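# Architecture and fold: a report
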Amino acid sequence: MASPGSAQRLEVVVEGDEGSARLDRVLAARLPDLSRSRLKALILAGAVSLKATQEATQIRDPAYHVASGDTITIEVPEAAPAEPKGEQIALDIVFEDDDIVVLNKPKGLVVHPAAGHETGTLVNALIAHCGASLSGIGGVRRPGIVHRLDKDTTGLMVVAKNDMAHASLSAQFADHGRTGEMRRGYMAFAWGVPGRHRGTVDAPIDRHPHAREKMAVRQGGREAVTHWEILESFAGRDGKPIASLIGCELETGRTHQIRVHLAHIGHPLMGDAVYGPHFKTKANQLGAESQATLAALGRQALHAYLLVLEHPRTGELLHWEAPLPEDLLLLQGALKAAL
């Protein structure tokens, strides 16, 4: 049999020792990887054919009696993704009208269903909040979603409530302010202090060659541009620079872009277990309060604080800012206290 989830064509030759002549029971005996209910549904859907002589005949009766030597063909279609269900999950909505929803995403909230996260996602919450207006927009698994934040990144996101809004927002995100007015700003607490006040990382990003869950700067990858500037710097117990608060604006929107780019220039995000694990020992240079606060953070210290876009219907330029969440405010305060 092919791997689960792939399209398959299966053939079974009836041997006569299956314990019953009924089609459904013969198939159940020969194909234990398919449940009885799944086999019955396939039979009723016309996916099962019987080749008793030279011609194959479609069989839609689960109780049909087969004979030894008969060849049964089963077309098992690729499994379609289940449509997400609405769930009552509290949302911090900062703006909403008939076309868009802008929300402040908390840490720990996955944006859309995926393997290991079939429920409890932002999409589940949006379906419950918006109802049928999201149906069909952006695909079954991602209705209304035009961009995403990592599970443990907090901050501003916009969601489309209809096809017109989805098309407009998708175009704006693809352009990323090159010809329009869109802006996306982040606050990042990073290890170390860059040697200049501001700069740009222009480095292509692709899948990591060995760790598929990671991204990496790689030649031949997709264009990725991040503009950054130092907003604040912090000293360690010895009075030397140890960390900085960096403001980042995206010119492109690649997966993990800020996390990868800051790590690439030697300043990974504090708390980032994926791209900055080799910086763990630097925590020993922090004050006791900063060490405790960082340990309690349990996530990368990244917050999407700024979102500027053109309203998809009116063209009005809209601007939102979300202050640092409590856990990052605590981190900022603890780092300042070490001065």
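Scroll up a little and you will see the structure.
Residues numbered from 1 in each chain as written. Predicted model: local features only at pLDDT ≥ 70, side-chain atom pairs only at ≥ 80, totals over all residues. Heavy atoms only, no water.

### Here's the deal with the packing of aromatic side chains
This structure, assessed with the given rule, holds two aromatic pairs. Judged by centre distance (5.5 Å) and plane angle (50 degrees), the rings of Phe95 and Trp320 are tilted. Here Phe95 is found in strand S5 (residues 93-96), whereas its partner Trp320 is found in strand S15 (residues 317-321), with 225 residues between them in sequence. On the basis of relative accessible area, Phe95 is assigned to the partly exposed category, the value being 25%. For the ring pair Phe189 and Phe234, a centre distance of 6.3 Å and an interplane angle of 25 degrees mean the geometry is stacked. Taken as a pair, Phe189 in strand S8 (residues 183-191) and Phe234 in strand S12 (residues 225-235) lie far apart in primary sequence, 45 residues in all. The pair formed by Phe189 and Phe234 is uniform in burial state, with each residue classed as buried. (Phe/Tyr/Trp six-rings, centres within 6.5 Å; stacked < 30°, edge-to-face > 60°. Helix = DSSP H or I, 4+ residues; strand = E, 2+ residues; numbered from the N terminus. Buried < 20%, exposed > 50% of the residue type's maximum accessible area, 1.4 Å probe, protein only.)

### With respect to the pattern of salt bridges
By the definition in use, this model includes 15 salt bridges. In this structure, Glu15 and Arg30 form a salt bridge, with 3.9 Å as the shortest nitrogen-oxygen distance. Separated by 15 residues along the polypeptide, Glu15 in the loop between strand S1 (8-13) and helix H1 (23-30) and Arg30 in helix H1 bring together distant segments of the chain. Ionic pairing is found between Arg299 and Asp327, a salt bridge with its closest N-O pair at 2.8 Å. On the criterion of sequence distance, the pair formed by Arg299 in the loop between helix H6 (288-297) and strand S14 (302-310) and Asp327 in helix H7 (residues 326-337) is long-range, its members being 28 residues apart. A relative accessible area of 2% means that Arg299 is categorised as buried. Accessibility expressed as a relative area gives 16% for Asp327, which makes it buried. Bridged by salt links that share partners, the residues Arg148, Asp150, Arg259 and Asp272 form one connected network. (Salt bridge = Lys/Arg side-chain N within 4 Å of Asp/Glu carboxyl O.)

### Overview of the sheet that holds strand S4 (residues 71-76)
In space, the four strands of this open sheet follow the order S1-S4-S2-S3, with antiparallel pairing throughout. Of all the strands in the sheet, the pair left with one neighbour each is S1 and strand S3 (56-58). Strand after strand, the sheet turns through a mean of 25 degrees between neighbouring axes, direction not considered. Sheet topology note: the strand S2 (residues 48-51)/S4 ladder contains four bridges and is antiparallel. Bridge pairing in S4 links Val48 to Ile74. Each of S1, S2 and S4 is contacted by H1, which is oriented at about 75 degrees to S4, the strand it contacts most. The strands touched by helix H2 (residues 36-44) are S2 and S4; relative to S4, the strand with the most contacts, the crossing angle is about 95 degrees. (Pairing = 2+ DSSP bridges. Axes fitted to C-alpha atoms, helices over the stretch in contact; angles between N-to-C directions. Contact = heavy atoms within 4.5 Å.)

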